[in-house]
Amino acid sequence: MNLLSIGGSDPSSGAGIQADIKTFSAHHIYGLTVVTAVTSQNTSRFLDASPVSAKTLRSQMNAVLSDFEIDGIKIGMVYASQAIYVISDMLSLVGDVPVVVDPVMRATTGGILLQDSALDDYKRHILPLATAITPNLQEALAIIGDIRYEDAAAEEIALKLQSMGPDSVVVTGITSGTKTYDMVVDQNRTPHTLSGPTIHSTSHGGGCAFSAALLCALARGSDVTGAAWSAREFVASRLKEPTATGFGIGIISADVTDGDGLRADLADAIDRFAGIHGIAECIPECQTNFVYSRPSPKTINDVLGVSGRIVRVGSSILTAGSLEYGGSKHVATALLAVSRRFPQVRSAVNLRYAHTTISKMSTSGLNVLKYDRSLEPEGTKTGGSSILWGVSGCVQNVASAPDVVFHTGDHGKEPMTILFGETPHDVLSKVRLMLRHYYR
Ligand code: PXL
């Protein structure tokens, strides 16, 4: 997957296109950059901003658009009207991909990121390009430019902003007493309040990382509310330990391993999973989850999974929700059952059952196990732990870890196949093997 960041260069790498590349990398996504302006700044001071010429901007856009398939675009600092004209003109050449607009106007250290004289052009040409716009409250009010909104509720502000062109709006960092929350208005004009612990930080780059992380999640198929949750979580985890590299304010962490690294690995595997030709055929009616556990998981809260599901939409698939510990119940429970006996097994995905595929998988050397749901004692059925009963029973007396566990259903119960592996990429290789059989 390739994402393009169009914005200003920050030589301290705290904000701007450098921050975006770091965020894309942390999500295991390749980042392309087109520079609109070169700023001179460090962690204490903002010294200068110089726009690149329209010709250079256009030629950078041509260079990337003619060579790469772009899966999403972020527009950050544009600075001047001439850049606005080039960007809106060139984006008409890009297909239907998510566009996140971060309407940055002033740097944390004081510099101008959007000239006042460019604001009208910005409203006219940039706002309508946005799948989502991510202002803070001050930026939202500056765009609306109507003093009657200054005391309005965040929801009203977000709705007014939406009426100015973007499909959806995420107003960030709204404070209310001791709480900070974000206000999302989705494309159906439905408001959602995202609240959580206040992040106390003066670090540089939090806003850039938020909008870039939002784009990562949108490009991976999340809806705007799910994407905003995952961007919040990403920024919160990065701000806990900002990097202090200069004498001034801290810079949001550049650690690309994302803490334990599980999230990035699983997200990358889900991306690749979605790209497997014909995979939509393998999504069961109850939909799919793809999970990855911490070492020695005790409960489903040690297992990372998609908080919604991976769902089939026509001939493609979509990740509905974000990656969360405890995000999966059923597939995570199956994984826990296997991991108790074979702790090296830490990842799993459930797929539609197909008889011929299963028999071919066992003949191609995979360890395929079966359980019979109709033999399940009454107690576990009502207790909701059928899967625990079935999978635990299967692995109890086998010598090696299963690659596949399946059952052929029961009255009103859909048959199911679960593929297991040590890592999400190990599971993926088994999915690919299964797909080869599926279509033969
Ligand atoms: O964080 C907003 C931002 C975006 N882009 C550039 C910046 C800043 C803030 O300093 O310098 C280039």
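In every chain, residue numbers begin from 1 and rise along the written sequence. Totals for whole chains, interfaces and linings use every residue, but because this is a predicted model, local features are given only for residues with pLDDT of at least 70 and side-chain atom pairs only at 80 or more, for both listing and counting. Water and hydrogen atoms were dropped before computing side-chain values, which therefore reflect all heavy atoms in the structure.

## With respect to the overall build of the chain
Here is step 1: When helices and strands are counted, the chain shows 14 helices and 18 strands.
Here is step 2: For the chain, whose C-alpha radius of gyration is 24 Å, the value lies close to the compact-globule estimate of 22 Å for 440 residues.
Here is step 3: Note on classification: 1.4 Å probe, protein chains only; a residue is buried when its accessible area is under 20% of the maximum for its type, exposed when over 50%, partly exposed between these limits. Counting every position in the chain, which comprises 440 residues, the buried fraction comes to 55%.
Here is step 4: Long-range pairs, those at least 24 residues apart, make up 68% of the contacts in the chain with a sequence separation of at least 6.
Here is step 5: If you sum the accessible surface of the chain, you get close to 19,000 Å²; carbon and sulfur atoms cover 51% of it. Runs of E in the DSSP output that reach at least two residues are strands. Runs of H or I that reach at least four are helices, and both are numbered from the N terminus. Only C-alpha atoms enter the radius of gyration; for comparison, a globular chain is expected to reach 2.2 Å times N to the power 0.38, where N is the number of residues. Pairs of residues are marked as contacts when any of their non-hydrogen atoms sit within 4.5 Å. Computed by Shrake-Rupley with a 1.4 Å probe, the accessible areas treat only the displayed protein chains as cover when residues are assessed.

## Concerning the packing of helix H5 (residues 137–144) against helix H6 (residues 154–162)
Here is step 1: As a packed pair, H5 and H6 sit with axes 10 Å apart at the nearest point and diverge in direction by 50°. As the angle between them shows, H5 and H6 are arranged oblique. In the crossing of H5 with H6, the sense of the turn from one axis to the other is left-handed. Side by side, H5 and H6 meet where Leu137, Ala140, Leu141, Ile143 and Ile144 of the first sit next to Ile157, Lys160 and Leu161 of the second. Interaxial angle, 0 to 180 degrees, is taken between N-to-C directions of lines fitted to C-alpha atoms, where a helix line uses only the stretch in contact. By definition in this entry, angles of less than 35 degrees are roughly parallel, angles greater than 145 are roughly antiparallel, angles of 65 to 115 are roughly perpendicular, and the rest are oblique. Two helices that cross are described as forming a left-handed crossing if the nearer one is turned anticlockwise from the farther one by less than a right angle, and a right-handed crossing if clockwise.

## What to know about the environment of threonine 131
Here is step 1: Residue placement: threonine 131 occurs in the loop between helix H4 (119–126) and strand E6 (132–133).
Here is step 2: The class for threonine 131 is partly exposed, based on a relative accessible area of 22%.

## Here we look at the domain arrangement of the chain
Many descriptions give the size of an interface as the accessible area lost when the pieces come together.
Here is step 1: Domain borders in the structure are assigned automatically or taken from a domain database. Assigned domains of the chain: these are domain 1 (2–258) and domain 2 (270–438).
Here is step 2: Each of domain 1 and domain 2 was reduced to a C-alpha centroid, and the two centroids are 37 Å apart.
Here is step 3: Contacts between domain 1 and domain 2 engage seven residues on the former and seven residues on the latter.
Here is step 4: A simple way to read buried area is as the amount of 1.4 Å-probe accessible surface that goes missing from two parts once joined, with both sides added. In total, domain 1 and domain 2 occlude about 500 Å² of area from one another, counting both sides; carbon and sulfur atoms represent 37% of this.

## Here's the deal with the environment of glycine 246
Here is step 1: Looking at where glycine 246 falls in the secondary structure, it is placed in the loop between helix H8 (224–239) and helix H9 (262–274).
Here is step 2: The sequence separation of glycine 246 and threonine 363 amounts to 117 residues, and the corresponding C-alpha distance is 60 Å.

## A word on the pattern of salt bridges
It is possible for side chains bearing opposite charge to pair when their charged atoms get close.
Here is step 1: Salt bridge, as used here: a side-chain nitrogen of Lys or Arg that lies within 4 Å of a carboxyl oxygen of Asp or Glu. Evaluation of the coordinates by the stated rule reveals 12 salt bridges.
Here is step 2: Arginine 124 is paired through a salt bridge with aspartate 121; the nearest N and O atoms lie 3.5 Å apart. Of this pair, arginine 124 and aspartate 121 both sit in helix H4, separated by three residues, roughly a single helical turn.
Here is step 3: Residue aspartate 121 is classed as buried on the basis of its relative accessible area, which comes to 11%.
Here is step 4: Linking arginine 148 and aspartate 146 is a salt bridge whose minimum nitrogen-to-oxygen distance equals 2.8 Å.
Here is step 5: Judged by relative accessible area, arginine 148 falls into the exposed class, the value being 70%.
Here is step 6: For aspartate 146, a relative accessible area of 18% gives the class buried.
Here is step 7: Each of Asp403, Asp426 and Lys430 takes part in one network of salt bridges that share partners.

## Re the sheet that holds strand E10 (residues 290–293)
Here is step 1: The strand order across the open sheet formed by seven strands is E14-E11-E10-E15-E18-E17-E16, and the pairing between neighbours is mixed. At either margin of the open sheet sits one strand with a lone partner, and together these are strand E14 (323–325) and strand E16 (368–370). Each neighbouring strand pair of the sheet contributes to a mean axis angle of 20°, computed without reference to strand direction.
Here is step 2: Any two strands with at least two DSSP bridges between them are considered paired. In this sheet, strand E18 (residues 416–421) lies alongside strand E17 (residues 404–407) in antiparallel orientation, the contact comprising four bridges. For phenylalanine 406, the partnering residue across the bridge sits in E18 and is threonine 417.
Here is step 3: With respect to the sheet, H9 is in contact with E10, strand E11 (303–306), E14 and strand E15 (347–351), its orientation differing from that of E10 by roughly 155°.
Here is step 4: Sitting on the sheet, helix H10 (residues 330–341) touches E10, E11, E15 and E18, and the angle it makes with E15 is about 130°.

## Re the pairing of E10
Here is step 1: Alternating positions in E10 separate into two faces, Phe290 and Tyr292 on one and Val291 and Ser293 on the other, with burial throughout.
Here is step 2: Strand direction decides the pairing type here: E10 and E11, joined by two bridges, are antiparallel. Bridge assignment links tyrosine 292 to a residue of E11, and that residue is leucine 304.

## A closer look at the packing of helix H1 (residues 16–26) against helix H7 (residues 206–219)
Here is step 1: Between H1 and H7, the least distance of the axes is 9 Å, while the angle of their chain directions is 45°. Comparing the axis directions of H1 and H7 gives the class oblique. By crossing handedness, the relation of H1 to H7 is classed as right-handed. Contacts from Gly16, Ala19, Asp20, Thr23 and Phe24 of H1 reach H7 at Cys208, Ala209, Ala212, Ala213, Leu215 and Cys216.
Here is step 2: We call Asp, Glu, Lys and Arg charged. Ala, Val, Leu, Ile, Met, Phe, Trp, Tyr, Cys and Pro are nonpolar, and the rest, Gly among them, are polar. A breakdown of the residues in the contact of H1 with H7 according to their chemical character gives eight nonpolar, two polar and one charged.

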